[in-house]
Structures are given as C-alpha cells and as structure tokens.
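Fold and contact review
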Amino acid sequence: MQDLLAELLWHNVKIDEAANRLCQTLPGFSEAKQAYYSLSEQLRKIAGHDLYDQYFAQLIRYTGYEVQAYYSLGLGLRADIIKALEV
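As a starting point, this report considers the structure included with it. (Residues numbered from 1 in each chain as written. Predicted model: local features only at pLDDT ≥ 70, side-chain atom pairs only at ≥ 80, totals over all residues. Heavy atoms only, no water.)

**Description of the overall build of the protein chain**
Keep this limit in mind: Strands are runs of DSSP state E lasting at least two residues, helices are runs of H or I lasting at least four, and both sets are numbered from the N terminus onward. Surface accessibility follows the Shrake-Rupley procedure with a 1.4 Å probe radius. Residue values consider only the protein chains on display as shielding.
Within the protein chain, the secondary structure is distributed over five helices and zero strands. Element order for the protein chain, N to C, with α for helix and β for strand: α-α-α-α-α. Accessible surface computed for the protein chain: about 7200 Å², of which carbon and sulfur atoms make up 63%.

**A short note on a nonpolar patch on the surface**
To keep it simple, the criterion reads: Any residue with relative accessible area above 30% and no salt bridge may belong to a patch, with like charges joined within 9 Å and the nonpolar Val, Leu, Ile, Met, Phe, Trp and Tyr side chains within 5 Å. By definition, a salt bridge exists where a carboxyl oxygen of Asp or Glu is found within 4 Å of a side-chain nitrogen of Lys or Arg. Each residue's exposure class comes from its accessible area (1.4 Å probe, protein chains only) as a fraction of the maximum for that residue type: buried when under 20%, exposed when over 50%, partly exposed otherwise.
On the surface, a nonpolar cluster with roughly 710 Å² of combined accessible area is contributed by Tyr-36, Tyr-37, Tyr-55, Phe-56, Leu-59, Ile-60 and Tyr-62. Counting residues per element, the nonpolar patch draws most heavily on helix H4 (residues 49-75), which supplies five residues. A relative accessible area of 31% means that Phe-56 is categorised as partly exposed.

What follows is the structure, given as structure tokens:
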C-alpha cells in the first residue's frame, strides 16, 4: 500500500509532464533555466566535475524533502501519513 501511494503521489510521470508544461508557460522560466545552466557550467569548471556532482546530488536530495512536504500539504495529507510512506 505504501509503495502504491508513493507511486501515485511522487513517482507519477503524468504529474511530472504536467509540471514541465506548466513551467514552460510561466513568465521568466526560460530565462531562469538558461541562467541556471550557465552558472552550473561555470561552477563545474571551477569546482571540478566530481565535487560539483556531489554538491548537486546533495542539493537535489535536500530539496526533494522540501518539495515532498509542500506537495503533500497541498494534497491535504497529514504529517503522520507522509512519514508512514517513508518517501
């Protein structure tokens, strides 16, 4: 049951695709994306590929928790349900 709920809520390709389409329509998104990629490449050149990848992996891990929390609250899920899902 936990896996099913997690799959429906967080590992849903349709939601990912819808979010991507929405982002494409938001004013400033394309510019923000380009600026991110440009800065990312600069940092990779300075820090080196391995250190940058470690940093980025930790950033994604950390922000993933925040995204899940906001998404769950937006769905009206209680904190104890979210913890029980262990996602």
